[in-house]
There are 2 protein chains.
Amino acid sequence: MSYIFSTMDSNQRITIKDIARLTGLSKGTVDRVLHNREGVSKKSYAKVMKVIQDLGYEPNLFASLLAHNKKRTVAVLLPNYNAGEFWELAEAGLRKGAEAVHAFGIEIHRIGYDQYNLDSFHKAAEEVLAMNPSGVVLAPMFKDDSFIFVRRLHEKGIPYVYIDTKLECGGYLAYFGMPLYQSGYLCAAILTDAHKDVQEVAVVRVQRDKHGQSDPTIYRREGFIDYISKHFPSCKMRSVFIDPKKPEEIDGILEEFFNLHPDVRHIAMYNSRIYLVTPFLERHPERNYRVVGFDNLAANLAGLKNGTVTALIAQRPDEQIHNAIGTLSDYIVFGKAPAKRDNFVSMDILTRYNEEYY
Amino acid sequence: MSYIFSTMDSNQRITIKDIARLTGLSKGTVDRVLHNREGVSKKSYAKVMKVIQDLGYEPNLFASLLAHNKKRTVAVLLPNYNAGEFWELAEAGLRKGAEAVHAFGIEIHRIGYDQYNLDSFHKAAEEVLAMNPSGVVLAPMFKDDSFIFVRRLHEKGIPYVYIDTKLECGGYLAYFGMPLYQSGYLCAAILTDAHKDVQEVAVVRVQRDKHGQSDPTIYRREGFIDYISKHFPSCKMRSVFIDPKKPEEIDGILEEFFNLHPDVRHIAMYNSRIYLVTPFLERHPERNYRVVGFDNLAANLAGLKNGTVTALIAQRPDEQIHNAIGTLSDYIVFGKAPAKRDNFVSMDILTRYNEEYY
DNA sequence: TTTTTATTCGTTACCGTGCACGATTCGCAA
DNA sequence: TTGCGAATCGTGCACGGTAACGAATAAAAA
């Protein structure tokens, strides 16, 4: 049960020159046939095709790529960030990815937009289209407008890869992200772990504006709710809304809310901003809240260390970006489609005991 | 927050010819410097190095590969199989992988061995070493001898990738397989799911011979035992041993064993051969055994369909092989190390209700 | 100084494909 | 038959890097 995978018997690969010799034609004509270019007589066409079929010609990828010697660009469309915010974590992966594909003549252009400002997304999207890239990596934070955007990419034949969130319509080359529903489920499991009975949980949420933003956290919410209602059917789930853009209001809102609901001992947050809650938690150590959030931002890790945050569920945004760029490059340069379309990164559970090794 | 990743300001990549021109030397000398070949004066060496540093030269991979124009071989060292056995599932992935890397001038040689015969492994290993491959994919079924084998690969500088099982020593390029401990844990969870109390479970096992075979199922066993003893501390775990090479004995052994232990209602098996048990199960439908096994062999799926097997935990051997070959090829051809060293495939739970969509 | 040997370097012919340019052939009408 | 445009085809260079070959120079021996 030993054998060799090989398309031909001879161990020497056949080249264009071989075909030319065998057909009595020239390289140029063979090349025209191979690329379906005009200016070839039917007879010559048939002769070349026959040899190709018989001997199983396949072009030398390296020679072809060298002859083209194209420089291509890949646009990466991501939200801007301030220091310490989620998208900063992706930056290292961007850099690594750019390095990795640079050898293939691919240049990475990062285009930023304000994830709370639709106009800025429009401008960024236009910029991407204007540069006519060979591929696009994007985090589709604005649902409807991202949809329009990727449709235009599709029309121009530009492959695109989703990061973090994806839109539920076909056409994308790949997706890299966390399994969102499961992450919400896991969040609830960690939050209530080792508790026989939980009567009330609170979720700190961010009020989104109206512009049809794609909110990945709704899937987390579903998973979270499913777990809670399965394991603690009588548990009440309360939401309190805060606005990250008005940090001065947050403490007041939380104080008021938790005074109103003094029995709550479990707090979760679906996005990466649990650090907005830690100042409140630090002022009430006696209440012993059990707190679970997402993502290993520096500020969140500080919450783990000082004991206000019980656990974080982390993904690896850098790895996601890195893989996204790699997949896109393989497709652009070699025409290799990815093995899996939807690629889920692992969900890493961080506590004060393991965070420093992450 | 938009920027371009680029190692140099000019958008034109620098070539060997550029360096030659700038140093007043020739391409040949530059090439000698780049490859640390002898025959270059210190002065010339320094001149070239300076330009390389200043302008940030990096070679064109495609041109280099074209110039070398090597044909390389990758050896895939796997157990032989009879129709319907586990390793047959990997074959499709082998073929796909071979096709995918063929464009890079890599030829896949499959070398088979009998997983129950150490001598045949030795012969196969020698064959691999004799062909001096550029890389090796292997399933290390014989622990000690595989260790010796990979050490020899290591000495020759040949990279290797583990499939299915791995040896717990460094040096391998990557590993693709199922998380074994977790799969055993999961197996126990499925087996006892929805049961408040389980007093007795049976595991059908295969007696291995003495030759220090690497038995991946021991890790499954650990996970299985951990789950059971955590959730059902008083549960008794019984083992019954069968020999796949003597199928005519099996039914008798099982009849005897289960007559001796009439209270057993849960049966598990750590390897892919649960189909060996189905004939027995078919004769005792009234006992309503709950049965969990591994891998989607056709014979196992038949067990799902006729109701004798409750669930199967499947991996995707074809995908594992495919990825292993791809990883190896990326490393050999482009020098790209894999993103992750240990790559776990998902554990897919198959029941009679979802198996046909797998 | 001349001859020999060692060191250093330039020249050149590839690797296989892409493509522009110019050459050749063909069909058809004058 | 000649002429002429269109169809068809061959030639040759480019892409960037590799490495064998031998030429030129420097160092050592005579």
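Quantities reported herein were computed from a predicted structural model and do not represent experimental measurements.

Structural notes on the sheet that holds strand S5 (residues 160–163) of chain A
Whenever strands of a sheet pair, they do so through backbone hydrogen bonds, lying parallel or antiparallel.
Part 1: Spatially, seven strands are ordered S12(A)-S6(A)-S5(A)-S4(A)-S2(A)-S3(A)-S1(B) in an open sheet, and the strand pairing comes out mixed. Pairing within the sheet leaves two strands with one partner each, and these edge strands are strand S12 (342–344) of chain A together with strand S1 (3–5) of chain B. When the angles between neighbouring strand axes are averaged without regard to direction, this sheet yields 20°.
Part 2: Against the sheet, helix H5 (residues 91–102) of chain A makes contact with strand S2 (72–79) and strand S3 (106–113) of chain A together with S1 of chain B, and its axis sits at roughly 155° relative to S3 of chain A, the strand it touches most.

Topic: unusual backbone geometry
Residue and element names in this part refer to chain A.
Part 1: Phi angles above zero are rare outside glycine, and Asn36 is one such case at about 50°.
Part 2: Tracing the backbone shows Asn36 in the loop between helix H2 (27–34) and helix H3 (42–55).
Part 3: For Asn36, a relative accessible area of 60% translates into the label exposed.

Description of the interface of chain B and chain A
Part 1: Counting residues at the interface gives 43 residues for chain B and 43 residues for chain A.
Part 2: Interface of chain B and chain A: buried area, both sides summed, is about 3900 Å²; carbon and sulfur atoms make up 58% of it.
Part 3: For the chain B face of the interface with chain A, the top three residues by lost area are Met1, Phe5 and Phe62 of chain B, together amounting to 20%.
Part 4: Remark: the boundary between chain B and chain A carries zero salt bridges.
Part 5: Across the chain B-chain A interface, the total number found is twelve residue pairs in polar contact (both at pLDDT 80 or more).
Part 6: Breaking the side of chain B that touches chain A down by element, the ones donating at least two residues are S1, helix H4 (61–68), helix H5 (91–102), strand S3 (106–113) and helix H13 (317–334) of chain B.

Here we look at the protein's contact with DNA strand C
Part 1: Not every one of the 26 residues close to DNA strand C is listed here, only the nearest: Ile16, His35 and Tyr57 of chain A together with Ser41 and Ser44 of chain B.
Part 2: Each atom of DNA strand C within 4 Å of the protein was classed as base or backbone; sugar and phosphate made up 68%.
Part 3: Asn60 of chain A places a polar main-chain atom, nitrogen or oxygen, 3.2 Å from a phosphate oxygen of DNA strand C.
Part 4: At 2.8 Å, a backbone N or O of Ser26 of chain B approaches a phosphate oxygen of DNA strand C.
Part 5: For the surface near DNA strand C, the secondary structure elements donating two or more residues are helix H1 (16–23), H2 and helix H4 (61–68) of chain A together with helix H2 (27–34) and H4 of chain B.
Part 6: Here the surface near DNA strand C gets four residues from one element, more than from any other, and that element is H4 of chain A.
Part 7: For the surface near DNA strand C, a count of residues per class yields nine nonpolar, 13 polar and four charged.

A short note on H5 of chain A
Residues and elements named next belong to chain A.
Part 1: The terminal C-alpha atoms of H5 lie 16 Å apart, and with twelve residues this matches the ideal 16 Å at 1.5 Å per residue to within 8%.
Part 2: All of the buried residues in H5 are Glu91, Gly93, Leu94, Gly97, Ala98, Val101 and His102. Across the axial projection of H5, the buried residues extend over an arc of 165°, all falling on one side.

Quick word on the pairing of strand S6 (residues 174–177) of chain A
Residues and elements named next belong to chain A.
Part 1: Side chains Ala174 and Phe176 project from S6 onto one buried face, and the interleaved Tyr175 and Gly177 project onto a second face that is buried too.
Part 2: The sheet contact formed by S5 and S6 spans three bridges and is parallel. Looking at S6, one finds that Ile163 is bridged to Phe176.
Part 3: Sheet analysis places S6 next to S12, joined by three bridges and oriented parallel. Among the inter-strand pairings, Tyr175 is bridged to a residue of S12, identified as Asp342.

Focus: the sheet that holds strand S4 (residues 135–138) of chain B
Part 1: Taking strand neighbours across the sheet as the criterion, the seven strands line up as S1(A)-S3(B)-S2(B)-S4(B)-S5(B)-S6(B)-S12(B) in an open arrangement whose pairing is mixed. Among the strands making up the open sheet, the edge pair consists of strand S1 (3–5) of chain A together with strand S12 (342–344) of chain B. Adjacent strand axes in the sheet meet at a mean angle of 20°, parallel and antiparallel pairs treated alike.
Part 2: In the sheet, strand S2 (residues 72–79) of chain B pairs with S3 of chain B via eight bridges, with the strands oriented parallel. Of the residues in S3 of chain B, the one forming a bridge with Val74 of chain B is Ile108 of chain B.
Part 3: Packing of H5 of chain B onto the sheet brings it into contact with S1 of chain A together with S2 and S3 of chain B, and relative to S3 of chain B it is tilted by some 155°.

What counts, and where the lines are drawn
Residues numbered from 1 in each chain as written. Chains lettered and ligands numbered in written order. Predicted model: local features only at pLDDT ≥ 70, side-chain atom pairs only at ≥ 80, totals over all residues. Heavy atoms only, no water. Pairing = 2+ DSSP bridges. Helix = DSSP H or I, 4+ residues; strand = E, 2+ residues; numbered from the N terminus. Axes fitted to C-alpha atoms, helices over the stretch in contact; angles between N-to-C directions. Contact = heavy atoms within 4.5 Å. Buried < 20%, exposed > 50% of the residue type's maximum accessible area, 1.4 Å probe, protein only. Buried area = accessible area lost by both parts, 1.4 Å probe. Salt bridge = Lys/Arg side-chain N within 4 Å of Asp/Glu carboxyl O. Polar contact = N/O pair within 3.5 Å; in protein donor to acceptor, adjacent residues only side chain to side chain. Near = heavy atom within 4 Å. Nonpolar A, V, L, I, M, F, W, Y, C, P; charged D, E, K, R; others polar. Expected span 1.5 Å × (residues − 1). Arc of directions from axis to C-beta.

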